[in-house]
Amino acid sequence: MMRCAHMDDDGKCQGKYRGFMCIKEKCRSDETKKCNWSTEEGFYCHKFNRFECIGLENCGTLTDYMNFIRLRREKGHSSS
């Protein structure tokens, strides 16, 4: 039997699908690797001391980090 770290004793999800029954193998919440530099919730990056984790694949250097943030903001502003 699969045991999810986010499943409570009643079988309900306390992670991405909080409040719903655990969907076990169908769950896609853990597809991306957790970053060792971020807080558990992903709100803070200890590597660059910034309030956002952008994922391991995007944060090689501080320049990479800042470029990712800038491009995402530009994309967000252009789509509105």
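Before reading further, recall that the structure is shown in the block above.
Scope of this entry: the structure provided in the associated data block. Remember, predicted model here, so these are calculated numbers, not experimental data. (Residues numbered from 1 in each chain as written. Predicted model: local features only at pLDDT ≥ 70, side-chain atom pairs only at ≥ 80, totals over all residues. Heavy atoms only, no water.)

Looking now at the environment of Cys4. Counting through the fold element by element, Cys4 comes out in the segment before α1 (62-78). Each C-alpha atom, one on Cys4 and one on Glu25, is 9.6 Å from the other, the two residues being 21 residues apart in sequence. (Helix = DSSP H or I, 4+ residues; strand = E, 2+ residues; numbered from the N terminus.)

Counting residues in each nonpolar core, the largest one holds six residues, listed as Cys45, Phe48, Ile54, Cys59, Tyr65 and Ile69. Discounting chain neighbours no more than four positions away, the residues touching Cys59 are Lys47, Phe48 and Ile54. (Core = buried A, V, L, I, M, F, W, Y, C linked by side-chain atoms within 4.5 Å. Buried < 20%, exposed > 50% of the residue type's maximum accessible area, 1.4 Å probe, protein only. Contact = heavy atoms within 4.5 Å.)

Here we come to the packing of aromatic side chains. The geometry of two aromatic rings is summed up by the distance between their centres and the angle between their planes. A full pass over the atoms with the stated rule returns two aromatic pairs. On the numbers, 4.6 Å between centres and 65 degrees between planes, the contact of Tyr44 with Phe51 is edge-to-face. Judged by centre distance (5.4 Å) and plane angle (50 degrees), the ring pair of Phe48 and Tyr65 falls under tilted. Of this pair, Phe48 sits in the segment before α1 while Tyr65 sits in helix α1, and the two are 17 residues apart along the sequence. For the pair Phe48 and Tyr65, a shared accessibility class is recorded, and that class is buried. (Phe/Tyr/Trp six-rings, centres within 6.5 Å; stacked < 30°, edge-to-face > 60°.)

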